Each structure stands twice: as C-alpha cells, then as structure tokens.
Amino acid sequence: MSHCRKRCKRQLTKVFRFFYRFLTGTLEKDSVEDDFELSTVCHRPEGLDKLQEQTKFTKKELQVLYRGFKNECPSGVVNEETFKTIYSKFFPQGDSGAYAHFLFEAFDTNKNGSVSFEDFVIGLSIILRGTINDRLNWAFNLYDLNKDGCITKEEMMDIMKSIYDMMGKYTYPCMQDEAPREHVESFFQKMDRNNDGVVTIDEFIESCQKDENIMQSMQLFDNVI
Amino acid sequence: MAAGVAAWLPFARAAAIGWMPVANCPMPIAPRDHRKRHDELIILNVSGRRFQTWRTTLDRYPDTLLGSSEKQFFYDEETKEYFFDRDPDSFRSILNFYRTGKLHYPRYECISAYDEELTFFGIIPEIIGDCCYEEYKDRKRENAERLQDDQDDNKDCKLPNMTYRETMWRAFENPHTSTMALVFYYVTGFFIAISVLTNVIETVPCGATPSQKDMPCGERYTIAFFCMDTACVLIFTVEYLMRLFAAPSRYQFMRSVMSIIDVVAIFPYYIGLVMTDNEDVSGAFVTLRVFRVFRIFKFSRHSQGLRILGYTLKSCASELGFLLFSLTMAIIIFATVMFYAEKGSSSTKFTSIPASFWYTIVTMTTLGYGDMVPKTIAGKIFGSICSLSGVLVIALPVPVIVSNFSRIYHQNQRADKRRAQKVQKARLARIRIAQTGSSCTGFLQSKRNDLLNELLELTGSEEEEQQLNKGMSLLESQHHHLLHCLEKTTAHEFVDEQLYEQNCLETTIQSYTSRSPSFSSQDGPIGTCCTRRGKMNSPLPNSSLPLQPSHQQGSLQELSALHIQCGDKLPHTTSRSSLNMKTDDVGLINCKGSHITTAIISIPTAPSDTTDGGAPSINTTASSNVIKVSAL
C-alpha cells in the first residue's frame, strides 16, 4: 500500500512541476551536459636525436616523415579511425578497414589505442631499414593477432579476407568466396612444416627463407623512402 | 590519387609487407626515383610577395599549374624563383590549398576575380570545401543573375524576318515593342475599367421617379447599359480571338489561366443573348452575371504586382492550407464547447453546433459583430479562451506568407533553386568521379599504356624505363606499383565496372575447354595466379582483334590480350631474347628487367613445342601466326 502511495506521490509531483513550469515559462534545462573534455590529446614526439638513435633513418628522412605525419594528424597521435581513413584513400575500390585495423594493432606496440609518431617511425624503421629477418619478424607479428607466438588458421583466414576485401568487387576474374580459404590452405601447406595446424615463428622464418619469391619481395622495401 | 595523403604513401607501401609472405608470385619491381632530389624549398614570387614552400607540397596536385611542369614557364633564372604576375591576396588561398588539401573561398574576394585566379592556376572550383562552397555558389549565382539582367535589357531588338503572327504575339506579350501594341494595351485596359464600372453602377439606385420606387440604374437605363456591355464584350472577344490566332501553341494558350479568365468573362453575355426570352432560366442567367466580375482579373495582364500576388498565393498553398486546416479544427472544437455551454440558458442564439460556427469564426478573427453573444458564465469563459486562441492561430502562418511574398517579389528563385540542386548533385558526382577515377581508372589506364609500351618494345625498339613512366608522376607510379602488388598477392586484377559485368556474363557462358594438357600436368611452384592466367587465355584462340590499345571500352579480350600479326621470325626472337625464359620456370610472368607487367602466352594448340625444350610456354599456331600478348 505504501509503495503505491509513494508512486502516486512521485507522479503527482511530476505533474505539478510540469504545470508550474508550463505556467511560469521556465525553460528546460539542457538535458545533455556538454562535456568539454579535451578530446584531442596533444602529443609531442621525443627529440630528433633520440629518434635517430632508435631508428635507422637519417635526420632528413625523419623530418620528411614527421611533416607528413603532422599534416594529417595535427594532434600528434593517430587513432584508429584516422588510420583507417588514411589507408582507405589508397585503395578506393575495396574496403581496407579490416587490414588497416590489423596494421594499427601491429603499430600500436604499447596497446594504448593510438599510434604516436615514435611507434609509427619505429615500425617503419623495421620494415624499411631492417634486415630481412627483422621484416619477417614484423610480418609474423602482424599475422599473429593474439600475439601468442603462433598463427592459427583462423587468424590467417582473417588476414587473408582483409587483403582480399581490399580488392573490392570489380576484379578479374570474379572474386569467389573460397578464394581466401584456398589461399590460406596453400599458405599453410607451404609454411606448416610439422603439420600441427599452426605456424610458429621459426617455421615461418624458415619457410620464407626457402622461398625465392618472398625473399625477392622483401628486398622491395629497401628503397621505399 | 588522394594527393592530400601523399606524404603517407611510404607508409602504405611499407604496410604491404603483410602481403609478401602470402603471395605466391613474385612482386613487380618498384619504380625508382632516379632524380633523387632532396626536398627543397622553392620560392614563388607573386607580384613581389614571396611565398615559400616545399617542392613536394606543390607536387601533390600534378594536374594544376604549380604541380606540373607548366610552372617552368614562369621560372626566372637570375633570381632562381618562380614569378607570377597575379594578385598576391588570392594566391594565399590557392597556396593553402596545396598545403592543407582544402580550398577555401575568402569572403572579401570578388567572385569573378577569384574564378579567374582558379582558372589560371588550373584548379577546378568544384573542390572548394564544404565550409565555403555554399557561399561561393550563392555569390556566383547572384553575379550571373546580375549579368543576365543587364543582358535582358539589351535583348529587345527586333529579329528580322518574323512572321506576322509572331509579331502579333510579341506585341501582345510585350506591349513596349511598338506603338500599336501600346495603343492596343491601353485601349483594352480602358475597356476593362469601363466594363467593371458599368457592372458596379448598374446596381446603384438611381434616384426615384414619382411613378416608381427606387430602382437601380441598370433597370432604368437598360438600353444604355446594354450598349456599353455589348461594346466591351465585343472588344474582349476580338482581343481573345486575336490572341488565339497569334499564339504559338494554341492548345497551350487555351489552357493558360489568363485565357480561361477571358472566356469566363465574356461567356455570360453570350449565354444571356441566347436565352433572354425564357423566364425559367432567367434566374440562372442573373447568377451568371456574377461572372462578369472576373473581368477585373484581366487587369493582371496589366499589372506585375497582381501577378506576383497570385504567384505568391500559389506558392504559399501549403501554408494557407495549414492555416485553413487549423482554423477549421479550432472552429469545430470551440463551436461544440460553446453550444454545450449555452445549452442551458433560455432564448439562446446557439441553437445548434453549426449555428455556433458563425460565433466562433467571428470571435476567432477578432471581428466580434455582437449578433451572437454567450450569456452563461461558462459560455463567457470559453468565449474568451476562444478569442485569445484565435489570435494565435491566425497570427502564426501569416508572417510566412508575408516573407514569401517579399522574397518572390525581389527575385524569382524557384527555378534557380531547382537548378542549384541539380548542380549540387552533379558537383558531388563530379568530385566522386574525379577522386575515384583518378586513382583507379588512372591505374587501369596505366596498365593499358604499359601493354602498348610492351608491344612497341616487342617490335624491336629498345625499351626505356622512362617510357613506362611517361606522363606519370613518381607518386602516381608508386601508388600504381602498390596496387600491382596487391593484385599479385591476391591473384586477381582490378577492372572497371563495365568489364566486370561483361566478364561475369562471359564466365557463365564460356567454359574452359581448351586447356592445354601441359598446363594441367604441371605442378610445383605454380601458384593459383599462374594457372588462372592460363585459364584466362584459353578461350581466346580464335578471336583476332586488331591492335587497339587505346580503345577504352573494348571487350574483355582487349584488356588482357592483344594479337599481333607477325611473321615467322618473330616467335623465335621473342621466345629467346626478350623473355629469357627458363625451361623449368613455368612462372609465365616475367619479372626480370623491366618487362614487369607482361607475359607472352600463346595457346598451345599443338602439343609439341619446337622452340623451347621442356617449357610449353611458347608455341605458335601454325595457321595464323598469331602471338597473343597478355598482361600480367
């Protein structure tokens, strides 16, 4: 009974308050408080010299890289959305969101949801200026989505799908749905030595070193910058 | 390519490391930057004001003046700077476009001067950012209208060789063209006025004679009024018939509002002529005379303001409709309430709800005649609420109508707004095409160009690497290389929409029947890409298409295979010298040297191969001596 009464009272006060506001013309409070929290976090990279030690880029190269970086991200950090937007501009026909997500995870070494210039340039230094083994390590890190040291078929499937998604719809020959799966199968056939269903880092590096094509492609990165 | 993120291209290319281990074919060779320029500052001297920027900033947009080699024309050797004799203030926004990728339109700038600057520097105005685009378009439209108005004034020159009918029509529509037209215009106006006046005076009581009571002038001076009426109607009829004759499209004219008004104005007279004698219908005939008042509307041909008023009411139809609807609702509500409130009182005028409508309308429009008033207290309370709400309900839509009228009076923008909307859609479509087109069709275009280059090389000339990159900036070639790598990784090619649809049709029709046994028996390091290439070429043996590399919209075969009629010698030379095929390398894609994008594949119709020992890759059909060149 008292519960009922309490509810009635509450309703009544609400009605009364409504009429009061109606009669006196008080405006409604803004129901949504504007939270003025600074959504843009400014980040300054470490000094040029320090970066030069950490990476294998020359000063001029770092300067060029930073200017490009800052142009696109004036706040100094890239969040995943910006990352995806930038990457999608290079692949207009397909959907590069998934692959960009994996890249972001690979670049964001300290897992704080944003890529600072240091992360960016360290990652680039490994890919562009590292040894072939470094590059293979980095690629393995990219594929290993949960960072447990081995690539499972599911992880590889995700990666493969994301690469195929970048092609888009208009391809020749027409994109079949099983194309990624077949590709994953052939990849595992090549890489998985002991046929245990996962590819470890050693198997990966070993198989890549044996493959002429892969070795040759890895050398492409020597003169990107 | 999205030049705004050109600086991130190295990153995008580095990110391709994820594709390398999964690719089954080797990657194409990257374009090299021979001119290994370090990024340098260049000075742009615009009428004395020096701007400095990096060279790569300007290179972002290679199809503008500053981004292309066109700026070399403005290079000054002595001062080592680029001199432009243009307005430095406008140049600021143009340079900012290169820096930020967004073009802004400064408000203080004159629209035509700005347009000229944009045209000079080769920038299309469509890429003005959304923040400034509306303003830009509005200013442009205003300017165009102003120019249009100036032009219209000079347009009324008489065209030679107009037929008599056309002259008449022009005279009717635009009385200022000749004096005859002006005279006609004023005469008709005068007669309209006379007609309206007679209609009015007809009903005025004209002074009592001793014999009869007061009667209206119309009945007293019947003959005179009848003569006046006849004269007016005659003039109107003649005018109508002349307009009908002169109209370029008679059907259109007869449907127009003005002609309907004309007809309605003169019809009652004729009907009256026909049935004067019959007493029964003379009552109806009298009613028809009411239509004579429509003659007043004929004045709208003479008055611009009247036409605009009519146009406004037409355009505000929705607001008027809303006004009417809300009033009706309110009337019904209040009439009901008043009826029931006054039911109790005696000798009340509120006999029924429809009878209360009159009271409600009079009260809501704040007229208050006073012929019906509520007597009970409840009735008075509700009556006051009724009058208060009436003010509100009427007052709300009226300013909208007023503003509409003033808006239409100053400029007619209906047509302009519709045109602007179409332009907006077209603009967005243009931008989309330019952005996607420049990247992907640019890429597809360059693939075809590569094909052409390879063919030229085959026929004997030494290939140069510059040929491949002719006309393409380094950024573009790097971007294309990136897309190539993706194609290789996934063993699919980018095609544009038409070819894709064609291909889908073809795959359902064709079946890969004529596959060479040697292909199928091969195993080893053939990736899926290589066998797919084989599949692709097998259905094409009998089609011999001419060499048309520039044919953009060919069939699928043209994209992938071009035939060359060649003599017997050529197969040998092509198979040996320019290809360097290893016998066990069934990778039909040659990745050595600069032949990165082509392969020579011919259909092995004969199982035996004469030139290369084991590799069934080169074969010529004895019948036609055709070599097929296919890309990738």
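As the structure is a computational prediction, the values presented were derived from the model and not from experiment.

(A) Region of the structure containing the overall build of chain A. A tally of regular secondary structure across chain A gives 11 helices and five strands. For chain A, long-range pairs separated by at least 24 residues make up 58% of all intrachain contacts whose partners lie at least 6 apart in sequence. Split by element, the accessible area of chain A, about 13100 Å² in all, is 53% carbon and sulfur.

(B) Spatial organisation of the pattern of salt bridges. All names here are of chain B. The final tally for this structure, using the stated rule, is 25 salt bridges over all chains. Taking the shortest distance from any N to any O, the salt bridge between D138 and R141 comes out at 2.9 Å. Residue D138 and its partner R141 are located together in helix α5 (residues 130–153), separated by three residues, close to a single helical turn. Judged by relative accessible area, which is 34%, D138 ranks as partly exposed. Notably, a salt bridge pairs R301 with E239, separated by 3.7 Å at the nearest N-O pair.

(C) Spatial organisation of the pairing of strand β2 (residues 49–54) of chain B. All names here are of chain B. With six bridges joining them, strand β1 (residues 41–46) and β2 adopt antiparallel strand pairing. When the bridges of β2 are listed, N45 appears paired with R50. The antiparallel hairpin formed by β1 and β2 contains two residues in its connecting segment, where S47 sits at a positive phi of about 50 degrees.

(D) Structural context of the interface of chain B and chain A. Taken residue by residue, the interface counts 59 residues in chain B and 60 residues in chain A. Between chain B and chain A, the buried area comes to about 5200 Å², and carbon and sulfur atoms account for 70% of it. For the chain B face of the interface with chain A, the top three residues by lost area are W8(B), F11(B) and I17(B), together amounting to 15%. In this structure, the connection of chain B to chain A is made through zero salt bridges. In this assembly, chain B and chain A are joined by 11 residue pairs in polar contact (both at pLDDT 80 or more). When contributions to the side of chain B that touches chain A are tallied by element, the ones reaching two or more residues are α1 (9–15), α18 (414–458), α20 (474–490), β5 (493–494), α21 (497–509) and α23 (528–537) of chain B. If you tally residues by element for the side of chain B that touches chain A, the top one is α20(B), at 10 residues. Here the side of chain B that touches chain A is composed, by residue class, of 37 nonpolar, 12 polar and 10 charged. Bridge analysis of strand β4 (residues 171–172) of chain A against β5(B) gives two bridges, and the strand direction is antiparallel. Considered in β5(B), the bridge of Y172(A) is made with E493(B).

(E) Main features of the sheet that holds strand β4 (residues 81–84) of chain B. Strands sit in the order β2-β1-β4-β3 (chain B) across an open sheet of four strands; the sheet is mixed. Looking at the sheet topology across the chains shown, the edges are occupied by β2 and β3 (75–76) of chain B.

(F) The arrangement of the environment of N143(B) in detail. All names here are of chain B. The residue N143 is located in helix α5 in this model. A relative accessible area of 22% means that N143 is categorised as partly exposed. Once you skip the residues sitting within four places of it in the chain, N143 turns out to touch I111 and S112.

(G) Focus on the UniProt feature "domain: EF-hand" (unreviewed entry) in chain A. All names here are of chain A. Feature annotation in UniProt places "domain: EF-hand" (unreviewed entry) on residues 95–130, 131–166 and 179–214, given in this structure's numbering. Secondary structure over residues 95–130 splits into 67% helix and 8% strand, and the C-alpha atoms at its two ends are 29 Å apart. Structurally, residues 179–214 is divided into 72% helix and 8% strand, and its ends, taken at the C-alpha atoms, are 20 Å apart.

(H) Up close: the nonpolar core. By size, the foremost hydrophobic cluster in this structure holds 77 residues, and its most contacted members are Y87(A), L103(A), M156(A), F204(A) and W19(B). Looking at this core element by element, the count peaks at seven residues for helix α5 (residues 97–107) of chain A. If we ignore the near neighbours within four places in the chain, the residues touching L103(A) are F83(A), Y87(A), W138(A), L142(A), F11(B) and A15(B). Ranked by size, the runner-up nonpolar core spans 26 residues in total, among them L58(B), Y82(B), I111(B) and Y133(B).

(I) Highlighting the packing of helix α9 (residues 179–191) of chain A against helix α10 (residues 201–210) of chain A. All names here are of chain A. Interaxial distance between α9 and α10 falls to 9 Å at its minimum, and their mutual angle equals 90 degrees. Looking at the two axes, α9 sits roughly perpendicular to α10. Between α9, through F187, K190 and M191, and α10, the contact on the second element is made entirely by E203, F204, S207 and C208. The residue inventory of the contact of α9 with α10, partitioned by class, reads four nonpolar, one polar and two charged.

(J) Expanded view of the pairing of β4(B). Residue and element names in this part refer to chain B. Relative to β4, β1 is paired through three bridges, and the arrangement is parallel. Bridge pairing in β4 links V46 to F84. In this sheet, β4 lies alongside β3 in antiparallel orientation, the contact comprising two bridges. Residue pairing in the sheet places D76 in a bridge with E81 of β4. Remark: four residues form the turn of the hairpin made by β3 and β4, two consecutive strands paired antiparallel; K80 in that turn has positive phi of roughly 55 degrees.

(K) Seen up close, a nonpolar patch on the surface. Together, V15(A), F18(A), F19(A), F22(A) and L23(A) line one region of the surface with nonpolar side chains, adding up to about 580 Å² of accessible area. By the element assignment, V15(A) lies in helix α1 (residues 2–24).

(L) Representation of the packing of helix α7 (residues 179–201) of chain B against helix α9 (residues 222–246) of chain B. Residue and element names in this part refer to chain B. The geometry of α7 relative to α9 is characterised by a closest axis approach of 10 Å and an angle of 145 degrees between their N-to-C directions. Remark: the crossing between α7 and α9 carries left-handed chirality. Contacts between α7 and α9 involve F184, T188, F191, I192, I194, S195, T198 and I201 from the first element and F225, M228, C232, I235, F236, E239 and M242 from the second. Here the contact of α7 with α9 is composed, by residue class, of 11 nonpolar, three polar and one charged.

(M) Spatial organisation of the environment of F51(B). All names here are of chain B. Inspection of the secondary structure puts F51 in strand β2. In this structure the C-alpha to C-alpha distance between F51 and F91, which are 40 residues apart in sequence, comes to 9.2 Å. Contacts of F51, omitting those with residues within four sequence positions, involve I42, I43, L44, V46, P88, F91, R92 and L95.

(N) View of unusual backbone geometry. A cis amide bond links Y172(A) with the next residue in sequence, P173(A), at an omega value of -10 degrees. On the secondary structure map, P173(A) appears in the loop between β4 and α9. Not every positive phi belongs to a glycine, and K111(A) is a case in point at roughly 55 degrees. Residue placement: K111(A) occurs in the loop between α5 and β2 (114–116). With relative accessibility at 47%, the residue K111(A) sits in the partly exposed group. Unlike most non-glycine residues, T366(B) shows phi in positive territory, near 60 degrees. Locating T366(B) in the fold gives a position in the loop between α15 (353–364) and α16 (377–395). Assessed through its relative accessible area of 52%, T366(B) is described here as exposed.

(O) The confidence of the model for chain A, seen in detail. With 92% of its residues at a pLDDT of at least 70, chain A reaches an overall mean of 83. Low confidence marks residues 30–39 of chain A, where pLDDT is under 50. Its contacts with residues over four positions away, or in another chain, come to zero contacts.

(P) Examining α5(A) more closely. With eight of 11 residues buried, α5(A) is to be regarded as a mostly interior element. Among the residues making up α5(A), those that are buried are G97(A), Y99(A), A100(A), F102(A), L103(A), F104(A), A106(A) and F107(A).

(Q) Spotlight on the packing of aromatic side chains. Under the criterion given, the structure shown has 51 aromatic pairs over all chains. With centroids separated by 5.4 Å and ring planes inclined at 65 degrees, the aromatic side chains of Y185(B) and Y186(B) adopt a geometry described as edge-to-face. Measuring from centroid to centroid gives 5.6 Å for F294(B) and F297(B), while their planes differ by 45 degrees, and the two rings are tilted. On the basis of relative accessible area, F297(B) is assigned to the partly exposed category, the value being 42%. Over the face of the ring belonging to F188(A) we find K153(A), whose NZ or CZ atom lies 5.5 Å from the ring centre. Its guanidinium or amino end placed over the ring of F236(B), K298(B) lies 4.6 Å from that ring's centre, counting from NZ or CZ.

Basis of the calculations
- Residues numbered from 1 in each chain as written.
- Chains lettered and ligands numbered in written order.
- Predicted model: local features only at pLDDT ≥ 70, side-chain atom pairs only at ≥ 80, totals over all residues.
- Heavy atoms only, no water.
- Helix = DSSP H or I, 4+ residues; strand = E, 2+ residues; numbered from the N terminus.
- Contact = heavy atoms within 4.5 Å.
- Areas by Shrake-Rupley, 256 points an atom, 1.4 Å probe, with all protein chains shown as cover.
- Salt bridge = Lys/Arg side-chain N within 4 Å of Asp/Glu carboxyl O.
- Buried < 20%, exposed > 50% of the residue type's maximum accessible area, 1.4 Å probe, protein only.
- Pairing = 2+ DSSP bridges.
- Buried area = accessible area lost by both parts, 1.4 Å probe.
- Polar contact = N/O pair within 3.5 Å; in protein donor to acceptor, adjacent residues only side chain to side chain.
- Nonpolar A, V, L, I, M, F, W, Y, C, P; charged D, E, K, R; others polar.
- UniProt positions renumbered as here; feature names shortened; annotations may be inferred.
- Core = buried A, V, L, I, M, F, W, Y, C linked by side-chain atoms within 4.5 Å.
- Axes fitted to C-alpha atoms, helices over the stretch in contact; angles between N-to-C directions.
- Parallel < 35°, antiparallel > 145°, perpendicular 65-115°, else oblique.
- Patch = residues over 30% accessible without salt bridge, like charges linked within 9 Å, V, L, I, M, F, W, Y side chains within 5 Å.
- Left-handed = near helix turned anticlockwise from the far one by under 90°.
- pLDDT = per-residue confidence, 0-100.
- Phe/Tyr/Trp six-rings, centres within 6.5 Å; stacked < 30°, edge-to-face > 60°.
- Lys NZ or Arg CZ within 6 Å of the ring centre and 35° of its normal.

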